[in-house]
Amino acid sequence: MTQSPILQVKDLRVAFSQDGQLTEAVKGVSFSLSRGETVALVGESGSGKSVSALSTVQLLGDSAHVSGSVTYDGQEMIGANERTLRQVRGNDISFIFQEPMTSLNPLHTIEKQLGEALALHQGVMGEDARGRILDLLNKVGIRDAESRLGAYPHQLSGGQRQRVMIAMALANKPDVLIADEPTTALDVTIQAQILDLLAELKESEGMGLLFITHDLSIVRRIADRVCVMKSGEIVEEGPTAELFANPKHAYTQKLLAAEPSGRPGPVPQDAQELVSTKDLKVWFPIQRGFLKRTVGHVKAVNPMSLSVRAGETLGIVGESGSGKTTMALAIMRLIASEGEVRFQGQDLRQWSTRNLRRLRKDMQIVFQDPFGSLSPRMTCQQIISEGLAIHEVDQHRKPRELVAEVMEEVGLDPAAMDRYPHEFSGGQRQRIAIARAMVLRPKLVVLDEPTSALDMTVQVQIVDLLRDLQARYGLAYLFISHDLNVVRAMSHEILVMKAGDVVEQGPSEEVFANPQQEYTRHLLSAVTGTP
């Protein structure tokens, strides 16, 4: 590392104007970054991490009022003219964002998008650009890179898209790489690969890496120094090992303690089997030609069997594309499948669509992204009570009474029931989604990555809430997640899937303590960072 920082932030203050009022988002933040160093900005949503990072090259828009000092290689960025900023943006300071699908153009091929970055900043075009693009894709670990040049973003996996984003960020050999939650939505194995790749590239290219995250397990693995942010301020800063071993600020201690812990309560001895499958299979036909002949199948779920009792949680883990969600949707009879699905002893294959509707209130789903699954045009009360009218539940009581009751159960203030989803935090929106399912008093709830988009402290709250509701009402859960720490805190049984196959199944503690299959060991090592 050099003695003088490549990026120096001093007394940075950012306020946003809205309706004539100024709201302060960043309050006197100071930190530095040297070449070859990784500094992590850590904190919960709304703490000012991303705003601080975007301020380095003035990417906040006209409503932002920025003061203080940000120098890159000794050059002041705040108040710099547009020509200077254009030279630094993407050329000297590059960004990798959380969701590559919103950062990549869906209408352009990978080659065209990487080519634009090279042409814009370096004037490299034609065959020279093609050769440089192939070098970049190989460097970030895209296999068979030449065959991927003509691919569009939707034709790549999540991990591949993130690798393309890293290639674009590296295209102009930046001095500073700012990675804003680059692994949040990725599987644990892909996450481990991306972290290893960033660390390797930082060493080989001599970059400074500013890593923004709310996940402290990542910070421990990748960062040299940590800055902990809360409400727009840095409340603690120090070398990673020292800060983790001896956190001084109460907020840092709270973050470090915010990891799902404990285990679910025992399943009652006399618990009845609620749902079971036998040789459940979901294959999607591949059809070609004018007559749409079936020439093959996408084998999403190969024949598999499971059983879940009332009050029991089955944790389903595996990488993206392993068949986890497809299997759950087949059990819910929301997609076509083969094999036997029984709910409370009844074979659902014999039920018509009309009769199945009667069972829907007993089988509910909570999705990963509460903002995407809640209608922005409906109030909290309308969202939660919608199912009551459809299923004609408890018509002797007023819907607002039932909504108020379930909101209190999930830790929401009933006084907020007339607010809209955008007026709630991410954790509160997930509680609304849980309340929408729970108001129908279901027997089975499918939880599809319900905590992956949430801050660590909020994750702990949601896990505690779900375990409490399960104990109170004897709920059965199918808990789908790639976060093995959350799965362990929630599940009685574990089912590990890979490419549509069940590769391991058993009691949670046994699978975690003594995994029998190499793939399961691979998943666990990706979490701990040990081989």
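Just above, that's the structure.
All values reported here derive from a predicted model rather than from experimental measurement. Every chain's residues receive numbers from 1 upward, in the order its sequence appears when written. Reporting in this predicted model follows two pLDDT cut-offs: at least 70 for local features of residues, and 80 or more for side-chain atom pairs to be given and counted; totals over whole chains, interfaces and linings ignore these cut-offs and use all residues. The basis for the side-chain values is all heavy atoms of the structure; hydrogens and waters are excluded.

A.B. asks: Would you take a moment to explain the packing of aromatic side chains for this structure?
C.D. replies: The way to describe two aromatic rings as a pair is by their centre distance and the angle between their planes. For Phe, Tyr and Trp, rings pair up if their centres lie within 6.5 Å, where Trp contributes its six-membered ring, and each pair is then called stacked (planes under 30 degrees apart), edge-to-face (over 60) or tilted (otherwise). Within the structure shown, the criterion is met by one aromatic pair. With a centroid separation of 5.5 Å and 10° between ring planes, the pair formed by Phe 95 and Phe 97 is classed as stacked. Over the ring of Tyr 251 we find Lys 230, and its NZ or CZ is 5.6 Å from the ring centre. Over the ring of Trp 283 we find Lys 281, and its NZ or CZ is 4.1 Å from the ring centre. Geometrically, a lysine NZ or arginine CZ counts as sitting over a ring once it is within 6 Å of the ring centre and also within 35 degrees of the ring normal.

A.B. asks: Would you mind showing me how to read the pairing of strand S17 (residues 444-448) here?
C.D. replies: Successive residues of a regular strand alternate their side chains across the two faces of the sheet. The cut-offs for exposure are 20% and 50% of the maximum accessible area for each residue type, with area from a 1.4 Å probe on protein chains only; residues under the lower value are buried, those over the upper are exposed, and the others partly exposed. Only DSSP runs of H or I with at least four residues qualify as helices, and only runs of E with at least two residues qualify as strands; both kinds are numbered from the N terminus onward. Extensive coverage of S17 is indicated by the burial of five of its five residues. Taking every second residue as pointing to the same face, both faces of S17 are buried, with Leu 444, Val 446 and Asp 448 on one and Val 445 and Leu 447 on the other. Criterion used throughout: strands pair if DSSP finds at least two bridges between them. Two elements, strand S16 (residues 363-366) and S17, share four bridges in a ladder whose sense is parallel. Within S17, the position partnered with Gln 364 by the bridge is Val 445. Two strands pair when backbone bridges link them, and S17 and strand S18 (residues 476-480) are joined in this way by five bridges, in the parallel orientation. Considered in S18, the bridge of Asp 448 is made with Ile 480.

A.B. asks: How do you make sense of the nonpolar core when you look at a structure like this?
C.D. replies: Side chains of a nonpolar character, in soluble globular proteins, are inclined to be buried together. One finds Ile 384, Ile 432, Ile 434, Met 438, Leu 466, Leu 469 and Tyr 477 to be the most contacted residues of the largest nonpolar core, which totals 53 residues. Discounting residues that sit within four places of it in the chain, Tyr 477 has contacts with Val 308, Glu 312, Thr 313, Leu 314, Met 438, Val 445, Leu 447, Leu 466, Leu 469, Gln 470 and Met 490. Residue types Ala, Val, Leu, Ile, Met, Phe, Trp, Tyr and Cys, when buried and joined through side-chain atoms within 4.5 Å, form a set referred to as a nonpolar core. Of all hydrophobic cores here, the second largest spans 49 residues; its members include Ile 96, Ala 129, Ile 133 and Leu 136. Throughout, a residue-residue contact means that at least one pair of heavy atoms, one from each residue, lies within 4.5 Å.

A.B. asks: Can you walk me through helix H4 (residues 110-122) in this structure?
C.D. replies: Structurally, the α-helix is built with 3.6 residues per turn, so residues lying three or four positions apart point the same way. To estimate how far a helix should reach, multiply one less than its number of residues by 1.5 Å. Between the first and last C-alpha of H4 there are 18 Å, a value that for 13 residues agrees with the 18 Å anticipated at 1.5 Å per step. Among the residues of H4, Ile 110, Gln 113, Leu 114, Gly 115, Ala 117 and Leu 118 are the ones counted as buried. Following H4 by one or two positions, Gly 123 adopts a phi angle in the positive range, close to 70°.

A.B. asks: What should I look at first to understand the pairing of strand S10 (residues 233-239) in this one?
C.D. replies: As defined by bridge partners, strand S9 (residues 225-230) adjoins S10 across six bridges and the pair is classed as antiparallel. Pairing of Val 226 across the sheet is with Gly 238, part of S10.

A.B. asks: Hey, could you run me through empty space enclosed by the protein in this one?
C.D. replies: Which parts of space are left empty comes out when a probe the size of a water molecule is rolled across the atoms. Here a cavity denotes a set of grid points, spaced 1 Å apart and computed over the protein atoms alone, in which a 1.4 Å probe fits but from which it cannot get out, and a pocket denotes an open set meeting protein on both sides within 12 Å along at least five of seven lines; residues with an atom within 4 Å of a point are reported as lining. Grid points are joined across faces, edges and corners, and a volume is the space filled by probe spheres set on the points. Per the stated rule, a full pass over the model turns up two cavities of 30 Å³ or more. By volume, the largest cavity is sized at about 70 Å³. Together, Val 317, Leu 484, Val 487, Ile 494, Val 496, Val 511, Phe 512, Thr 520, Leu 523 and Leu 524 line the largest cavity. When contributions to the lining of the largest cavity are tallied by element, the ones reaching two or more residues are helix H19 (484-490), strand S19 (493-498), helix H20 (508-513) and helix H21 (518-528). Broken down by element, the lining of the largest cavity gets its largest block of residues, three residues, from H21. Residue composition of the lining of the largest cavity, by class: nine nonpolar, one polar and no charged. The computed volume of the second largest cavity comes to approximately 40 Å³. As for the second largest cavity, its lining consists of Asp 187, Val 188, Val 317, Gly 318, Glu 319, Ser 481, His 482, Leu 484 and Leu 523. Classes in brief: Ala, Val, Leu, Ile, Met, Phe, Trp, Tyr, Cys and Pro nonpolar; Asp, Glu, Lys and Arg charged; the others, Gly included, polar.

A.B. asks: Is there a simple way to explain the environment of Ile 96 in this structure?
C.D. replies: Along the chain, the position of Ile 96 falls in strand S6 (residues 93-96). Relative accessible area serves as the criterion here: at 0%, Ile 96 is assigned to the buried category. As a C-alpha pair, Ile 96 and Ala 169 span 73 residues in sequence and 6.6 Å in three-dimensional space. Excluding its chain neighbours within four sequence positions, the residues that come into contact with Ile 96 are Gln 162, Met 165, Ile 166, Ala 169, Leu 177, Ile 178, Ala 179, Asp 180, Pro 182 and Leu 198.

A.B. asks: Whenever I open this one, the side chain of Ser 276 confuses me. Can you help?
C.D. replies: Of note, Ser 276 is situated in strand S11 (residues 273-288). For Ser 276, the contacting residues outside a window of four places in its chain are Leu 306, Ser 307, Glu 340, Val 341 and Arg 342.

A.B. asks: What should I look at first to understand the sheet that holds strand S3 (residues 38-42) in this one?
C.D. replies: The pairing of strands in a sheet happens through backbone hydrogen bonds and is either parallel or antiparallel. Strand order in this open sheet of six strands is S6-S7-S8-S3-S9-S10, and the pairing throughout is mixed. Edge positions in the sheet fall to S6 and S10, since each of these pairs with one other strand and no more. On average, each strand axis in the sheet is tilted by 15° relative to the strand beside it, whichever way the strands run. In this structure, S3 lies alongside strand S8 (residues 208-213), joined through five bridges in parallel fashion. In the strand pairing of S8, Leu 41 is matched with Ile 212. Contacting S3, S9 and S10, helix H11 (residues 250-257) crosses the sheet at an angle of about 105° to S9. Fitted lines through C-alpha atoms serve as axes, helices being fitted only where they are in contact, and the angles separating the N-to-C directions of these axes extend from 0 to 180 degrees.

A.B. asks: So what exactly am I meant to see when it comes to the pattern of salt bridges here?
C.D. replies: Note on pairing: side chains with opposite charge can pair once their charged atoms come close. The salt bridge definition used is simple: a Lys or Arg side-chain nitrogen within 4 Å of an Asp or Glu carboxyl oxygen. One pass over the full model with this rule turns up 30 salt bridges. Here Glu 203 ties to Lys 202 by a salt bridge, and the two come within 3.7 Å at their closest N and O atoms. Classification of Glu 203 by relative accessible area gives exposed; the value is 57%. Take Lys 202: its relative accessible area is 6%, and that puts it in the buried class. For Arg 472, the salt bridge goes to Glu 409, with nearest N and O atoms at 3.9 Å. Highlighted residues: Arg 472 in helix H18 (residues 456-473) and Glu 409 in helix H16 (residues 399-409), separated in sequence by 63 residues. The class for Arg 472 is partly exposed, based on a relative accessible area of 41%. A residue is classified by how much of its surface remains accessible, and Glu 409, at 15% relative accessible area, is buried.

A.B. asks: Help me out: how do you make sense of the packing of H4 against helix H5 (residues 126-139) in this one?
C.D. replies: Describing two packed helices takes the angle between their axes plus the distance from one axis to the other. Between H4 and H5, the shortest axis-to-axis distance is 10 Å and the interhelical angle comes to 110°. By the angle between their axes, H4 is roughly perpendicular relative to H5. Note on element contacts: H5 touches H4 through Ala 129, Arg 130, Arg 132, Ile 133 and Leu 137, opposite Ile 110, Glu 111, Leu 114, Gly 115 and Leu 118. Taken together, the residues of the contact of H4 with H5 break down into six nonpolar, one polar and three charged. Small angles under 35 degrees read as roughly parallel and large ones over 145 as roughly antiparallel, with 65 to 115 read as roughly perpendicular and the rest as oblique.

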